[in-house]
Each structure stands twice: as structure tokens, then as C-alpha cells.
Amino acid sequence: MIPLGKYSLGMGDRFAHQARAQLRACIKAAEEGVEVIPVWNKSNREHMTIGSEPSSVQSAADSAVRELKWEKPYHVDADHIRLETVDRYIPHSDFFTVDVADFIGRPAGDASVKSFVERHSDLVGRMQIPGIEQPLEISRADVARCAGQYSFAVQEAGRIYRHIEKAKGASFITEISMDETDRPQTPPELLVILAAIADERIPVQTIAPKFTGRFNKGVDYVGDVAPFEMEFNADLAVIAFAVEKYRLPANLKLSVHSGSDKFSLYAPIRRALARTNAGLHVKTAGTTWLEELIGLAEAGGAGLALAKEIYAEALAHVGELCAPYAAVIDIDGRKLPAEATVNGWNSEQFVAALRHDPKCPAFNADLRQLLHVAYKIAAKLGERYLKLLKECEPVIAKNVTGNLFDRHLKPLFIGGD
């Protein structure tokens, strides 16, 4: 098993042009005394939309590491894979995010559930977990209900893990993702899920549960921060307990998906990590694509014109672009500026609307979310878009590095102003 470092950052790079700029953020963190392992990730949906191959992610990561002389570990994540999509990633990835959210709730069979409950009678009753003030009260019926809800999904994760293992041996990192579903998993449910994962003998190193509240793409957390902080701390305690009880990998840690720009959560998360000495994996996904747009707009001229063109096309195809991301975006169409309005903006106005600065009165979260899912439009522009990325590379790279370091790594892992 390849061990994943204590802190790691999942970085999406839609068009495979910003790997160096992304890696510089990790280098800056290292200069501050904090090791954050870069994990370049790209989902099958993104590859299909753009027309790219998994090899392109590996190639961009390898080149950045070589050019910037990064000597610490790095990884390439086959993001949100399933059994029917994993094979194309196997030669090029050493990190696999096994997405089984769609299998939650599928019946595992009465015999399977009964067997789990009998095998885990230890889960029934009053359980004191270090780090959780109130004991967990779990009835036999609760264990059976939870096993019925999640057993099939965990068994599917086992099938996918063993499929990868057969091809690669044990030399990869496994993450299990259950976040893209409607209902959060409670800490007691997480404990049952981890027991099921141990039964499947999956050496899981990160797990991405569905947390309370909304984790929309590219914008801040929507929900009450205080209950999230309690839940996050309880999940950390459950993981530490399950690692010892079920002999799961000692470095098992939480993964926060759509974790980009969750500014209101970063201080509570950092407090929890400092208190428990726990690790964390955070996926920032498409924020780098948005920094490309910001950089194009800042460059002015043809770059600004193209950014406006992409917005106009996105506005004309809102439903089509948003449908695949319905679970992780909330856009109020009434707050999207008209095409004519945006066409009249200068660079500063476009950037102010798009850059996630909650203190800026011109920031528009609805516009940002729409452009977050509009990379398909840039993909259709092909070489025209890529040519401008190269021409505007210095200003784009500055934005990409600054976004990851100043807005993500520093508040999460370093602290200070």
C-alpha cells in the first residue's frame, strides 16, 4: 500500500495547463513548514466533457514535479470512478476515489444484513468513544437499518477495490466516496460503514462522507457552522476509534469533497486538526478553471473578450450545464447578470464578480457557480482557448497559486492572517 501523507490537497486541472502553478502552492506551504501532498484529480465526467485521457493528468503532474524539483510524494487520482469506468485509469493513477453514492440504499439481502448484525454485536448498546462527550446509543435495529442502507454500497467498493488490486497489486491509495447523496451520514452511521469496510478488507486511507449542510461548487459552505463543527469532530473521533477497533490503516482520514472555498469552515477544521493531530484530504476541483477565467479577464483584450463569450454561452445553456451538477450547485437565475450587462464590463468588473471575495460587494455567487460548470464551453473552443491560456500564462499562474495557497492551504493548515 502506498501511504498517503497526513495533509493532502486534491487539485483539479480541467485543461492540464496549471500543474506547475498548483504545485507552487504546495511548495509555498512547505516553505512555511507544512507538508501538503499534491493529488491531481480528474473525473471520468470531466474527461468525457473535454475529450481528454487519464494519461494527460499523469503527464502534466510528472512534468510539473520534474520542472520544479518537487522531491516529496505526489499522486494522480482517478476521481469518482466506478467499476465500468476504472480500467482506463489503472495504468495512469495511483489514487482511486471509489464513488459508491449511487449504491446507497440498494438492498444487500436479508442474509447479508443479518450476518453483519450478528458479526458486529459490539456495535449494539451504549458506546463511549474518546472525543465524543455523549455516549453513542445504538440499538440492534439501528445497526440493521444502517447495514441495510450501506452494505451494498460498501460491497460495491470492495468489488472495485479488488478489480484494481488484481491489475495493480497493492500499490495504490483507496478513497471511498459517499458524499454525492441526499442525506448526510451521522457519526454512528459512519462507524457502521467503517466496520463494513473492514469486513470487505479494503485498506481505505480516506473516506468522504456526506456532511450536514450544502457543499456547493466553488462557493462557501451553506449551513450552520456550529453543528458542522460538532459533526466534523465526532467523525474524527469515530475514525480514530474504528482504526484501532477494526484494524483499519492508521493514517485513515476524512476527505472533504467540494472543499474549495468553504472559508467559513476552515478555522473550525484547523482547530479540530490541531486538537486531534488528525490528517485531512481536501478536494478543490474546478477552482483552478475559474482562476484561468479570472486570469484571462485580468489580461484584458482578447482574454477578457473570451471570458465574456464563455459567460454568454453559459447563460444560454444554463439547464444543460447545471443538470449533471444539481446536487452541488444552487443558482438563482434572477441573480445572473444579462449578457449585455457583462459585455459592458471592464476587466476589474468581471474579476470582481467572479473572484470569491465575500467582502467584495460586486461578488456574484450565482455567476461563479454557473461558470464553474461551464468548462464544457471552453473545451468546445479547443485550440482557441488553449492558445490564450499560453499567452496569458503569467497572470493566470499567479492567480492559481495565490488561490490555492492564500485561500486554502494557509487557513486550513498554517493559520495567521
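Residues numbered from 1 in each chain as written. Predicted model: local features only at pLDDT ≥ 70, side-chain atom pairs only at ≥ 80, totals over all residues. Heavy atoms only, no water.

Undergrad: Describe in detail the overall build of the chain, supporting the description with residues and values.
TA: On a plain count of helices and strands, the chain comes out with 17 helices and ten strands. Whereas a compact globule of 417 residues would reach a radius of gyration of roughly 22 Å, the chain reaches 21 Å, a difference of no more than 12%. By principal-axis analysis of the C-alpha atoms, the chain measures approximately 70 × 45 × 40 Å. When burial is assessed residue by residue, the chain has 57% of its 417 residues classed as buried. Contacts in the chain between residues far apart in sequence, at least 24 positions, make up 79% of those at least 6 positions apart. In the structure as shown, the chain presents an accessible area of about 16,800 Å², 52% of it carried by carbon and sulfur atoms. (Helix = DSSP H or I, 4+ residues; strand = E, 2+ residues; numbered from the N terminus. Rg over C-alpha atoms; globule rule 2.2 N^0.38 Å. Buried < 20%, exposed > 50% of the residue type's maximum accessible area, 1.4 Å probe, protein only. Contact = heavy atoms within 4.5 Å. Areas by Shrake-Rupley, 256 points an atom, 1.4 Å probe, with all protein chains shown as cover.)

Undergrad: Outline the sheet that holds strand 10 (residues 280-283), supporting the account with residue identities and numerical values.
TA: Spatially, 1-2-3-4-7-8-9-10 is the arrangement adopted by the eight strands of the closed barrel, whose pairing is parallel. Ignoring which end each strand starts from, the neighbouring axes of this sheet average 25° apart. One ladder, built from three bridges, connects strand 3 (residues 75-81) with strand 4 (residues 95-99); its direction is parallel. When the sheet's bridge partners are listed, A78 is paired in strand 4 with F96. Taken strand by strand, helix 1 (residues 19-31) contacts strand 1 (7-12) and strand 2 (37-43), and its axis lies near 145° from that of strand 2. (Pairing = 2+ DSSP bridges. Axes fitted to C-alpha atoms, helices over the stretch in contact; angles between N-to-C directions.)

Undergrad: Explain the pairing of strand 4 to me, and be specific about the residues and the numbers.
TA: Taking burial as the measure, the five residues of strand 4 include five buried ones, the bulk of the element. A two-sided burial pattern is seen for strand 4, the buried positions comprising F95, T97 and D99 on one face and F96 and V98 on the other. Where strand 4 lies against strand 7 (residues 173-177), five bridges are found, and the strand directions are parallel. Following the sheet pairing, D99 is matched in strand 7 by S177.

Undergrad: If you had to explain the packing of helix 9 (residues 287-299) against helix 16 (residues 383-391) to someone new, which residues and values would you point to?
TA: It is at 10 Å that the axes of helix 9 and helix 16 come closest, and there the two elements cross at 70°. Classified by the angle between their axes, helix 9 and helix 16 sit roughly perpendicular to one another. Contact with helix 9, carried on its side by W289, E292 and L296, involves Y385, L388 and L389 of helix 16 and no other residues of that element. Of the residues in the contact of helix 9 with helix 16, the class split is five nonpolar, no polar and one charged. (Parallel < 35°, antiparallel > 145°, perpendicular 65-115°, else oblique. Nonpolar A, V, L, I, M, F, W, Y, C, P; charged D, E, K, R; others polar.)

Undergrad: How would you sum up the packing of helix 13 (residues 347-354) against helix 14 (residues 365-372)? Please name residues and give values.
TA: Packing of helix 13 against helix 14 leaves a shortest axis separation of 7 Å and a crossing angle of 85°. With respect to each other, helix 13 and helix 14 are oriented roughly perpendicular. Of the residues in helix 14, those touching helix 13 at F350, A353 and L354 are L367, R368 and L371. Its residues placed into classes, the contact of helix 13 with helix 14 shows five nonpolar, no polar and one charged.

Undergrad: So what's going on with the side chain of H47? Which residues, and what values?
TA: The topology assignment puts H47 in helix 2 (residues 44-50). At 2.7 Å, the side chain of H47 and the side chain of S52 are in polar contact. Non-local contacts of H47, meaning those with residues more than four positions away in its chain, are made with K42, S52, E53, P54, S56, V57, R88 and Y89. (Polar contact = N/O pair within 3.5 Å; in protein donor to acceptor, adjacent residues only side chain to side chain.)

Undergrad: Could you give an account of the nonpolar core, with specific residues and numbers?
TA: Judged by nonpolar contacts, the single largest core of 92 residues is most densely connected at L194, I197, F232, L248 and L280. Setting aside anything within four residues of it in sequence, one finds L194 in contact with I207, V238, I239, A242, L248 and L252. Residues I310, C322, V342 and Y385 belong to the second largest nonpolar core, which totals 43 residues. (Core = buried A, V, L, I, M, F, W, Y, C linked by side-chain atoms within 4.5 Å.)

Undergrad: Lay out the environment of P107 in plain terms, naming residues and giving numbers.
TA: Here P107 lies in the loop between strand 4 and helix 4 (110-119). For the pair P107 and G148, spaced 41 residues apart in the sequence, the C-alpha separation amounts to 6.4 Å.

Undergrad: Explain the pairing of strand 2 residue by residue, including any values.
TA: Taken across its seven residues, strand 2 has seven buried, putting it largely inside the fold. What you see with strand 2 is no split at all: I37, V39, N41 and S43 on one side and P38, W40 and K42 on the other are buried throughout. Pairing of strand 1 with strand 2 involves five bridges; the strand directions are parallel. Looking at strand 2, one finds that M11 is bridged to W40. For the crossover that starts at strand 1, traverses helix 1 and ends in the parallel strand 2, the hand is right-handed. Strand direction decides the pairing type here: strand 2 and strand 3, joined by five bridges, are parallel. Bridged to S43 within strand 3 is D79. (Right-handed = clockwise from strand over helix to strand, strands pointing away.)

Undergrad: Could you give an account of helix 17 (residues 393-414), naming the residues involved and the relevant values?
TA: Residue pairs spaced three or four apart in an α-helix point in one direction, given the helix's 3.6 residues per turn. Under the 1.5 Å per step criterion, the end-to-end length of helix 17 is only 28 Å for 22 residues, more than 12% shorter than the ideal 32 Å. At H408, helix 17 shows its largest bend, some 35°, and a proline, P411, comes one to four positions later. Downstream of helix 17 by a residue or two, G415 has a phi angle that is positive, lying close to 85°. (Expected span 1.5 Å × (residues − 1). Bend = angle between axes of the 7 residues up to and from the residue.)

Undergrad: Mind laying out unusual backbone geometry, listing which residues take part and the relevant values?
TA: Only a minority of non-glycine residues have a phi that is not negative, and only a minority of peptide bonds are not trans. Despite not being glycine, D261 shows a phi value in the positive range, around 70°. Along the chain, D261 turns up in the loop between strand 9 (253-256) and helix 8 (263-276).

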